[in-house]
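Architecture at a glance
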2 protein chains.
Amino acid sequence: MASRPAEPDALVERFARYLRDRRLPVTRQRMEVAQAVTRVADHPSADRIQRDLAERKIRVATATVYRTLELLVQSGLVREHDFGEGFRRFESVSEQDRHEHLICQRCGKVVEFSNDRLERMLELIADELDFLHRRHRIEVYGLCPDCRRRDLVALRPSGAPS
Amino acid sequence: MASRPAEPDALVERFARYLRDRRLPVTRQRMEVAQAVTRVADHPSADRIQRDLAERKIRVATATVYRTLELLVQSGLVREHDFGEGFRRFESVSEQDRHEHLICQRCGKVVEFSNDRLERMLELIADELDFLHRRHRIEVYGLCPDCRRRDLVALRPSGAPS
DNA sequence: TTACGTGCAAAGGCTTTGCAGTCGG
DNA sequence: CCGACTGCAAAGCCTTTGCACGTAA
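In short, a report on the structure. This one's a predicted model, so the numbers in the text were calculated from it and none came from an experiment. (Residues numbered from 1 in each chain as written. Chains lettered and ligands numbered in written order. Predicted model: local features only at pLDDT ≥ 70, side-chain atom pairs only at ≥ 80, totals over all residues. Heavy atoms only, no water.)

**Description of the pattern of salt bridges**
All names here are of chain B.
- Following the criterion strictly, the structure yields 23 salt bridges over all chains and no others.
- In this structure, the salt-bridge partner of Glu13 is Arg17, at a minimum N-O distance of 3.4 Å. Separated by four residues within a single helix, Glu13 and Arg17 lie in helix H1 (residues 8-21), roughly one turn from each other.
- A residue is classified by how much of its surface remains accessible, and Arg17, at 42% relative accessible area, is partly exposed. (Salt bridge = Lys/Arg side-chain N within 4 Å of Asp/Glu carboxyl O. Helix = DSSP H or I, 4+ residues; strand = E, 2+ residues; numbered from the N terminus. Buried < 20%, exposed > 50% of the residue type's maximum accessible area, 1.4 Å probe, protein only.)

**Some remarks on a positive patch on the surface**
- Residues Arg117 and Arg120 of chain A together with Arg117 and Arg120 of chain B make up a contiguous surface patch of positive charge.
- Counting residues per element, the ones that place at least two in the positive patch are helix H5 (116-128) of chain A together with helix H5 (116-128) of chain B.
- If you trace the backbone, Arg120 of chain B turns up in helix H5. (Patch = residues over 30% accessible without salt bridge, like charges linked within 9 Å, V, L, I, M, F, W, Y side chains within 5 Å. Areas by Shrake-Rupley, 256 points an atom, 1.4 Å probe, with all protein chains shown as cover. Lys, Arg positive; Asp, Glu negative; His and termini not counted. Charge placed at Lys NZ, Arg CZ, Asp CG, Glu CD.)

**What to know about the interface of chain A and chain B**
- Each partner contributes residues to the interface: chain A has 36 residues there, and chain B has 35 residues.
- Inspection of the chain A/chain B interface yields six salt bridges.
- The residue Asp130 of chain A makes a salt bridge to Arg149 of chain B at a minimum N-O spacing of 2.7 Å.
- Here chain A is connected to chain B by 18 residue pairs in polar contact (both at pLDDT 80 or more).
- When residues of the side of chain A that touches chain B are traced back to their parent elements, those giving at least two are strand S3 (100-104), strand S4 (110-113), H5, strand S5 (132-143) and helix H6 (145-155) of chain A.
- Looking at which element gives the most residues to the side of chain A that touches chain B, the answer is S5 of chain A, with 12 residues.
- Bridging between S5 of chain A and strand S5 (residues 132-143) of chain B involves 11 bridges; their strand directions are antiparallel. The partner of Arg135 of chain A across the bridge, within S5 of chain B, is Tyr141 of chain B. (Contact = heavy atoms within 4.5 Å. Polar contact = N/O pair within 3.5 Å; in protein donor to acceptor, adjacent residues only side chain to side chain. Pairing = 2+ DSSP bridges.)

**Focus: the relation of the copies chain A and chain B**
- Superposing chain A onto chain B takes a rotation of 179° combined with a translation of 0.0 Å along the rotation axis, leaving an RMSD of 0.1 Å. Both copies of the chain, as the preceding transformation shows, are related through a two-fold rotation axis. Considering only C-alpha atoms, the residue of chain A closest to the rotation axis is Ile138 of chain A, which sits at 2.2 Å. (Least-squares fit on C-alpha atoms with pLDDT ≥ 70 in both.)

**Structural notes on the packing of aromatic side chains**
- Going through the model one piece at a time under the given rule, you end up with two aromatic pairs over all chains.
- With a centroid separation of 6.4 Å and 20° between ring planes, the pair formed by Phe15 of chain B and Tyr18 of chain B is classed as stacked. One end of the pair is Phe15 of chain B and the other is Tyr18 of chain B, both in helix H1 and three residues apart, which spans about a single turn. Assigned by exposure class, Phe15 of chain B and Tyr18 of chain B land together as buried.
- Sitting over the face of the ring of Tyr141 of chain B, Arg135 of chain A holds its NZ or CZ atom 4.2 Å from the ring centroid. (Phe/Tyr/Trp six-rings, centres within 6.5 Å; stacked < 30°, edge-to-face > 60°. Lys NZ or Arg CZ within 6 Å of the ring centre and 35° of its normal.)

**A closer look at the protein's contact with DNA strand C**
- In the region of DNA strand C, 17 residues are neighbours, and Thr27, Gln29, Arg30 and Thr64 of chain A together with Tyr66 of chain B sit closest.
- In the model, a phosphate oxygen of DNA strand C is placed 3.4 Å from a nitrogen or oxygen of the Arg59 of chain A main chain.
- The contact in question runs from a base nitrogen of DNA strand C to an N or O atom on the side chain of Arg67 of chain A, over 3.1 Å. (Near = heavy atom within 4 Å.)

Nothing here speaks to function; it is all geometry.
Written as structure tokens, this is what we have:
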């Protein structure tokens, strides 16, 4: 179900092409950030991306990380999310791959799912209300299988849950 | 379709009861903020609420607005939204009233809609993935009828859109 | 060469926190 | 009275901006 991120190299390559098409410099930093977005699993934040690069001894300034992410989003190669955590997350998009998210409220894990009927319904609903549908997002918050199980176990021994 | 906010007085009253039940002080500021959330249309931000109160010559500190909103959210009487604008919005909830949002990307207008099938589908999908569904949100971004029309008009006269 | 990018640090916008004074129950 | 709240200002967090220097093409 859940889509794997686009091949890192594929995204980097497409980003490079995007930049060249616009006569924009293809810099080391831009390529590194693009690569990190696909390399780091689970919808990384800007900070997470920067730390991933740091671990690999690649120093890129915070401002550059943000500026590059903005370019990636504009290019359509990366999707931006706000799960209400106080910071944004990013995710590489392999085209024609629409999917939504389940977010675990306990451990923060993010799982993807897709359902065509769901997507189409929203377009219809927008249409009925005379809205021009451009994009949408669907997020389900709850407990992932692991945390859900852990909850049950925690409840069993004695009496009341916290 | 779109639900009207709960009667202001109803919400204030229920909030007061909520506080009393927990032996928490029912203060003037708390009641004013609660009232403002339902009075101000269109999913106000904390700032919007504070300014609404200021216009009515009611001075409530920013911190108090935020602290009260947190209580309101915890009480379940108010829903919190993050439409990715860099700030949060709030909305009073008249119970058993589940609805989702259409957000105009041009003028920021927010329209509500509800669709039971949609809601149920998400519960089913979560279930299939062994997730415990607690809540979800669905947001459609696009152009409201007005802005959509304005766009057409703007395109008609001569050649290219801006 | 030259426009555009990068790093750095400072500034910004929203939200939270610490603390002394105040007030609801 | 006492615990909880309020206002105020400062601090926090993520993100953006200004500017001098560096670099892709």
